[in-house]
There are 2 protein chains.
Amino acid sequence: MSSAASDAGEQLRAKLASRRPTMKDVATLAQVSLSTVSRFVNGDPGRPELVARIQDAIDLLGYRRDLTASTLRRADRASASVGVLVADVGNPFFAAVLRGVEEVARARGSLTVAASSDEDPARERDLAAALIARRIDGLIVVPAAEDSSYLRPERQVGVPLAFIDRPPRFLDADTVLSDNAAGTATATRHLLDAGHSRIGFLGDRERIFTCAERLRGYREAIGTVDPALIRLELDEAGVEAATRSLLTLPDPPTALLTSQNLLTMGAIRALRRLGAQHRVALVGFDDIPLADAVEPSVTVVAQRPVDLGRRAAELLFDRIDGYDGPSRRMIVETQLIERESSHLRPRVSPQRAS
Amino acid sequence: MSSAASDAGEQLRAKLASRRPTMKDVATLAQVSLSTVSRFVNGDPGRPELVARIQDAIDLLGYRRDLTASTLRRADRASASVGVLVADVGNPFFAAVLRGVEEVARARGSLTVAASSDEDPARERDLAAALIARRIDGLIVVPAAEDSSYLRPERQVGVPLAFIDRPPRFLDADTVLSDNAAGTATATRHLLDAGHSRIGFLGDRERIFTCAERLRGYREAIGTVDPALIRLELDEAGVEAATRSLLTLPDPPTALLTSQNLLTMGAIRALRRLGAQHRVALVGFDDIPLADAVEPSVTVVAQRPVDLGRRAAELLFDRIDGYDGPSRRMIVETQLIERESSHLRPRVSPQRAS
DNA sequence: CTGAAAGCGCTTACAG
DNA sequence: CTGAAAGCGCTTACAG
């Protein structure tokens, strides 16, 4: 770059003060038109001579393109970002889902905007609106709301949508689910095979699809259900009391099934505190860190959360790329990881032995 | 709304087909000017009569404001979103950090755009550029790069910046850190007090600030350091071999210190596999799920990742709100959570006993 | 209080 | 290949 141009750059830079340089500034400094800079920035170079001037001007000014302005004007309206709405980005399960989405998005040059609904339907709606107002190219939702039809207008207008972990209700859209019922059915049969007939079920909120499905798999596999053995609406703290209460029943369960990761951790702690971890069998839904290292190690129905995220992102990008066929549903298989806690044989409980 | 207006709405709706309705569509349907709709949408109502017409038109069309266009034009340029760059959104530690940031951002009406650098400096730079190109109001970074000066132009131009977990190098910016060295020093003294003199240190990458600091705390507390007891550049898989190798030294360590969550989990597994978990003491940096439920339960130096995220977000929003003072550094204290694994007394190893 | 007009930073036909 | 001009959806002085 000539020293004259460099001086011009310095002057322009000073003039800009703390303003972010624009494409127009680059054009002025490089002494070309705005269109030429735009074409260059978009990968349509032009004469080598001009290219060099433009690149120098960009470097000198520290120019960064404003993608929001670009999105606004371009024909395809692509913002190169997708939104993800989960219950809690801090929960390891959803964190892994998010990671799966991000991998696929990144391979496609897209960024991921994540938000936590905290299982609050109103917050979910607000966040969905906030994401869509920012012109994301598509939205992935783990629905907290029982009714996803609030997204119908967005769908109509062509915002690609995909659901993970729980299907939308009153709305037709691509969905990726774990095989929840099959997972708990397998786990339940596994416990029945080990000789357990009284199996307790510890679940979170029945209105959440995954809990309802996992309960259904348990019910179907077990045959005759004793409602006294089912405890729902639990959180990590509530599990301890529920476990204690189950184990002090006149005819207590000899095995427990927990419906999700936080409840499994709560149940592990509760059994240990009761000194019952080697007496009462346990299977948890969703694998957890160190499940293999506690004593006894804990059998789980492992999900594949990263895959859930990846698959949903793939379905979403299909739509972003123009696929307009009927909505699809994918099931990601769960896997029973047999560890020690499910190989405990049923024993007569202390109360009954006395 | 009159039926004539409603008909007009239906017609406009049909005409829009699958196009997203704009403020102009609303203005046309409500028979007011664009400015009036804009003012209404921005909370400056006007005559009740017009307000009603505008609200009806918005509802009928399913109008959603385009925030990217709004950001482009408005005086303050606020996009109501902040960016966060961590090593891996799927790692529970960073997931918790993200959650903390999101809480504060949400309270401020901002969305959070998260991305994973995977400890790759080049990717970090790309992602930072991608975020800034989307006009985020501020950027929070867990730096993978050894040199953060690539962000200087952004800083110059007024993009608020905050760093978490590791300080920026060659750049002056607000930073929130755990007291890493103090944490490992406390842990080391705790082990020394229990009678251990040979304490192994298992770390990840020394070029990462947190690892270096935690190593420093260990070195300073222990006094005379035996380099044979320090193993670095480990990942979760490599920890097992490193543990085995340490324990088969002629004069093996009687206690281990691990520098982060994944390594602690690896060490727990390794010790169990070697049958050494009740013989070799262990303290991990960063708490992990079920650390309280393994046998022996694992003593840790707990960090407060959600607080790290919150504090950094608060510093960031101060800047977004216009604070322009010198950069600040906040230390979030760690806490030694004493469990069983650090209360094991040093024992002569089997080899030496034989 | 309301509306016409300019313009945010960019892309994209359209001429030359 | 290059440049002048229109316009994406919105906000914001400025008149009336």
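Check the entry above for the structure.
In what follows, the accompanying structure is described. Source: prediction; values computed, not measured.

**Re the pattern of salt bridges**
One pass over the structure, following the stated rule, counts 64 salt bridges over all chains. Of the charged contacts, one joins R99(A) and D118(B) as a salt bridge, the two residues approaching to 2.9 Å between their closest N and O atoms. Remark: D118(B) occurs in the loop between β2 (111-116) and α7 (121-133) and R99(A) occurs in helix α6 (residues 92-107); the pair is interchain, linking two chains. One connected set of salt bridges, linked through shared partners, spans D88(A), D118(A), R123(A), R99(B), E103(B), R106(B), R304(B), D307(B) and R310(B).

**Some points on the interface of chain A and chain B**
At the interface, 57 residues of chain A touch 57 residues of chain B. Both sides of the chain A and chain B interface together cover about 5,000 Å² of buried area, and 55% of this is carbon and sulfur. On the chain A side of the interface with chain B, the three residues burying the most area are L111(A), R134(A) and L290(A), jointly 14% of the side's total. Where chain A packs against chain B, one counts 14 salt bridges. Linking chain A with chain B are 30 residue pairs in polar contact (both at pLDDT 80 or more). Counting residues per element, the ones that place at least two in the side of chain A that touches chain B are α5 (67-73), α6, β2 (111-116), α7 (121-133), α8 (152-156) and α12 (261-273) of chain A. Counted by class, the side of chain A that touches chain B contains 29 nonpolar, 10 polar and 18 charged residues. Across 3 bridges, β2(A) lies against β2(B) in antiparallel orientation. Residue pairing across strands places A114(A) opposite T112(B), the latter belonging to β2(B).

**Considerations on the sheet that holds strand β3 (residues 138-141) of chain B**
An order of β11(A)-β5(A)-β4(A)-β3(A)-β1(A)-β2(A)-β2(B)-β1(B)-β3(B)-β4(B)-β5(B)-β11(B) is seen for the 12 strands of this open sheet, with the pairing classed as mixed. Two strands bound the open sheet, and with one partner strand each, they are β11 (329-332) of chain A together with β11 (329-332) of chain B. Adjacent strand axes in the sheet meet at a mean angle of 20° when their direction is disregarded. Strand direction decides the pairing type here: strand β1 (residues 81-86) of chain A and strand β3 (residues 138-141) of chain A, joined by 4 bridges, are parallel. Bridge pairing in β3(A) places V82(A) opposite G138(A). Relative to the sheet, α7(A) contacts β1, β2 and β3 of chain A together with β2 of chain B, its axis offset from that of β1(A) by approximately 175°. Across the sheet, α7(B) lies against β2 of chain A together with β1 (81-86), β2 and β3 of chain B, angled at about 175° from β1(B), the strand it touches most.

**With respect to the protein's contact with DNA strand C**
M23(A), R65(A), T36(B), R73(B) and R77(B) are the nearest of the 27 residues found near DNA strand C. In this structure, a phosphate oxygen belonging to DNA strand C sits 3.1 Å away from a side-chain N or O atom of N42(A). Of all the elements in the fold, those that place two or more residues in the surface near DNA strand C are α3 (34-41) and α5 of chain A together with α3 (34-41) and α5 (67-73) of chain B. Looking at the surface near DNA strand C element by element, the count peaks at 4 residues for α5(A). Here the surface near DNA strand C is built from residues that sort into 9 nonpolar, 9 polar and 9 charged.

**Digging into the protein's contact with DNA strand D**
Close to DNA strand D lie 28 residues; T36(A), R73(A), R77(A), M23(B) and R65(B) are nearest. Looking at DNA strand D alone, sugar and phosphate atoms form 56% of those within 4 Å of the protein. Within the side chain of R73(B), an N or O atom sits 3.4 Å from a base oxygen of DNA strand D. Of all the secondary structure elements, the ones that give two or more residues to the surface near DNA strand D are α3 and α5 of chain A together with α3 and α5 of chain B. A breakdown of the residues in the surface near DNA strand D according to their chemical character gives 9 nonpolar, 9 polar and 10 charged.

**Comments concerning the environment of R39(A)**
For R39(A), the position within the fold is in helix α3. Put simply, R39(A) and N91(A) are 52 residues apart on the chain and 44 Å apart in space, counted from C-alpha to C-alpha.

**As for the sheet that holds strand β10 (residues 299-302) of chain A**
Residue and element names in this part refer to chain A. Across the sheet, which stays open at both edges, the 6 strands sit in the order β7-β6-β8-β9-β10-β12 with mixed pairing between neighbours. On the outer flanks of this sheet lie β7 (230-231) and β12 (335-337), each paired with one strand and no other. Examined bridge by bridge, strand β8 (residues 255-258) and strand β9 (residues 281-285) share 4 bridges and lie parallel to one another. Note on β9: the bridge partner recorded for L256 is L282. Across the sheet, helix α10 (residues 209-222) is in contact with β6 (199-202), β7, β8 and β9; its angle to β6 comes to roughly 170°. Each of β6, β7 and β8 is contacted by helix α11 (residues 238-247), which is oriented at about 160° to β6, the strand it contacts most.

Definitions and cut-offs
Residues numbered from 1 in each chain as written. Chains lettered and ligands numbered in written order. Predicted model: local features only at pLDDT ≥ 70, side-chain atom pairs only at ≥ 80, totals over all residues. Heavy atoms only, no water. Salt bridge = Lys/Arg side-chain N within 4 Å of Asp/Glu carboxyl O. Helix = DSSP H or I, 4+ residues; strand = E, 2+ residues; numbered from the N terminus. Contact = heavy atoms within 4.5 Å. Buried area = accessible area lost by both parts, 1.4 Å probe. Polar contact = N/O pair within 3.5 Å; in protein donor to acceptor, adjacent residues only side chain to side chain. Nonpolar A, V, L, I, M, F, W, Y, C, P; charged D, E, K, R; others polar. Pairing = 2+ DSSP bridges. Axes fitted to C-alpha atoms, helices over the stretch in contact; angles between N-to-C directions. Near = heavy atom within 4 Å.

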